[in-house]
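Listed below are the residues making up each chain.
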Amino acid sequence: MSDEGATAVRGLGGRYRSALHDERTAALLGVALGVSFTLCFATGLWSHLQQDPPAWFSAPSRPAGLYRVTQGIHVTSGFAAIPLLLAKLWVVHPRLVEWPPARSVLHAIERLALLPLVGGGVFLLFSGVANVARWYPWTFFFPRAHFWAAWITIGGLVVHVGAKAATTRRVLRRSPPSSTPTPAAADRRGFLAGVAAASTALVVTTAGGTIAPLGTVSVLAQRRPGDGPQGLPVNKSAASARVTEIARDPAFRLVIDGAVDHPLALSLAELRAMPAREATLPIACVEGWSQSATWRGVPLRDLLALAGARPETATVTVESLQPSGRYRASELRDPDTLLALELGGEPLHIDHGFPTRLIGPNRPGVLQTKWVARLEVR
Ligand code: HEM
């Protein structure tokens, strides 16, 4: 296939005459897709480890904003990949209808790997965007499906990169003449510039959910800095979690039990009377938005010490008034892991977890349990 020729697709009898359907364009888009999918995969695995840690793993509590960065990269690289993937599929689509479909057993394997690669890639980007938009047109559990689809897609990507590495190296090494660009090279440049502009536009219009200076131009961001009660966005309100009444009950007690010497049941007044600590920490949501705030509350490790637990070895299950909210808190030792009572100098708004919520450094938002009612020590 000629790099500069007008008949760009081998084996299709000149039906596709645009030079854009050539190996060089496919390879350039492929490299960009390879980078964005690898970033997405690495940060996605990290997020999975943090949210659902296996017994051998405990996420570090510092740097405090690490999850904000990794999850911001995850969602941003996913958005950037959408125009890249659409462009790549358009560029190579003549190859997909090629006849015969396979020239050898190796070629058949290479082509079969396109099923998980293309199917998985489309599924990941579609389900990721739908999740950010909190639109769930499915019945499966999103994180599990997204996680396994990622492994399948990356498997397909590894086979594909192996199969196309030599072609990619060959066509990218041959640089087109720069002084007198041919019409084909100019077409390609214009096309790739359009794709890059579409990716950049998607990033800029969505990333303001986590990069505050982009807030005003991020018209597609689901949550923008400053939105929500007490100037902080909310994903799940007390009403949607059906805890409004029970959270406001004056008989509220925070229970600390399990592997402790003295089980406790503390009222809100007793919690407020304890020595408190202030920490500026972000809520970093799995859906890609994040915002820092100043929290004040009782360090979790002080509460555990009061109950006679051993913070060095204990793990704690943090139970919410919301029946389905149960997560293990792994970072007990950090002095800034608080049972927060205040946000920005005021009592917590009910949508931020009144009477008390967990807040700690480098934790996915979904682990910053709201409406905490019980700490079960193991
Ligand atoms: C999500 C990522 C990717 C998807 C969905 C994708 C998809 C595809 C598809 C469907 C084809 C047509 C294959 C055929 O019929 O034989 C193709 C071709 C190709 N891909 Fe990818 N690809 C991806 C990533 C990459 C990467 C990372 C590279 C390079 C490092 C790459 C380089 C190439 C090359 C050189 C071709 C050959 C084009 C031609 O012969 O005209 N791709 N890709």
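**A closer look at helix α3 (residues 105-112)**
At step 1: Turning to α3, its buried residues are H107, E110 and R111. Projection of α3 onto a plane perpendicular to its axis shows the buried side chains occupying an angular sector of 95°, all on one side. For α3, the exposed residues lying more than 90 degrees away from the buried face are V105, L106 and L112.

**Describing the state of the cysteines**
Each disulfide is one covalent bond, formed between the sulfur atoms of two cysteines.
At step 1: Considering all chains together, one arrives at 0 disulfides under this definition.
At step 2: This cysteine, C40, is not joined by any disulfide, and C285 carries the nearest cysteine sulfur, 16 Å off.
At step 3: Note on C40: relative accessible area 17%, which makes it buried.
At step 4: A residue is classified by how much of its surface remains accessible, and C285, at 6% relative accessible area, is buried.

**Structural notes on the coordination of the iron atom of the ligand**
At step 1: K88 (NZ) and H160 (NE2) make up the full set of protein donors to the iron atom of the ligand, lying at 1.9 to 2.1 Å.
At step 2: We classify K88 as buried; its relative accessible area is 14%.
At step 3: Of the residues examined, H160 reaches a relative accessible area of 15% and is grouped as buried.

**Some remarks on the site of the ligand**
At step 1: Around the ligand, 21 residues are found, and the nearest of them are G30, K88, R95, R111 and H160.
At step 2: H160 is positioned such that a nitrogen or oxygen atom in its side chain is 2.9 Å from a nitrogen atom of the ligand.
At step 3: Assessed atom by atom at 2 Å from the grid points, the ligand resides in the second largest pocket.
At step 4: Secondary structure elements with two or more residues in the shell around the ligand: α1 (23-51), α2 (66-96), α4 (114-132) and α5 (142-173).
At step 5: By residue number, the principal contributor to the shell around the ligand is α1, which donates 7 residues.
At step 6: Taken together, the residues that form the shell around the ligand break down as 12 nonpolar, 4 polar and 5 charged.

**Topic: empty space enclosed by the protein**
Sizing a probe to match a water molecule and rolling it over the atoms shows the empty space that remains.
At step 1: The final tally for this structure, using the stated rule, is 3 cavities of 30 Å³ or more.
At step 2: Within this model, the largest cavity holds a volume of roughly 140 Å³.
At step 3: Around the largest cavity, the lining comprises 16 residues; the ones closest to its centre are V75, T206, E287, G288 and W289.
At step 4: By residue number, the principal contributor to the lining of the largest cavity is α2, which donates 4 residues.

**Considerations on the environment of H74**
At step 1: Its location among the elements puts H74 in helix α2.
At step 2: Through-space distance from the C-alpha of H74 to that of P63 is 18 Å; in sequence the pair is 11 residues apart.
At step 3: Beyond its immediate chain neighbours, meaning those up to four positions away, H74 contacts C40, T43, G44 and H146.
At step 4: Among the polar contacts listed, one links the side chain of H74 to the backbone oxygen of C40, at a separation of 2.8 Å.

**Some remarks on the layout of surface pockets**
At step 1: Of the voids in this model, the second largest pocket is the one considered here, and its volume is about 800 Å³.
At step 2: As for the second largest pocket, its lining consists of 38 residues, of which A26, K88, V92, H160 and K164 are closest to the centre.
At step 3: Elements with a minimum of two residues in the lining of the second largest pocket: α1, α2, α3, α4 and α5.
At step 4: The element contributing the most residues to the lining of the second largest pocket is α5, with 9 residues.
At step 5: Classifying every residue of the lining of the second largest pocket gives 19 nonpolar, 8 polar and 11 charged.

**Describing the confidence of the model for the protein**
At step 1: Chain-level statistics for the protein give a pLDDT mean of 90 and a share of 92% at 70 or above.
At step 2: The lowest-confidence element of the protein is strand β6 (residues 326-329), averaging 60 in pLDDT; the highest-confidence one is strand β2 (residues 264-266), averaging 98.
At step 3: Below pLDDT 50 for its whole length, residues 1-14 participates in 34 contacts with residues either more than four positions away or in separate chains.

Procedures and definitions
- Residues numbered from 1 in each chain as written.
- Predicted model: local features only at pLDDT ≥ 70, side-chain atom pairs only at ≥ 80, totals over all residues.
- Heavy atoms only, no water.
- Buried < 20%, exposed > 50% of the residue type's maximum accessible area, 1.4 Å probe, protein only.
- Helix = DSSP H or I, 4+ residues; strand = E, 2+ residues; numbered from the N terminus.
- Arc of directions from axis to C-beta.
- Disulfide = S-S within 2.5 Å.
- Donors = N, O, S within 2.8 Å, 3.2 Å for Na, K, Ca; no water.
- Near = heavy atom within 4 Å.
- Polar contact = N/O pair within 3.5 Å; in protein donor to acceptor, adjacent residues only side chain to side chain.
- 1 Å grid on protein atoms, 1.4 Å probe; cavity = no way out; pocket = protein on both sides within 12 Å on 5 of 7 lines; lining within 4 Å.
- Sits in = over half its atoms within 2 Å of the grid points.
- Nonpolar A, V, L, I, M, F, W, Y, C, P; charged D, E, K, R; others polar.
- Points joined across faces, edges and corners; volume = space filled by probe spheres on them.
- Contact = heavy atoms within 4.5 Å.
- pLDDT = per-residue confidence, 0-100.

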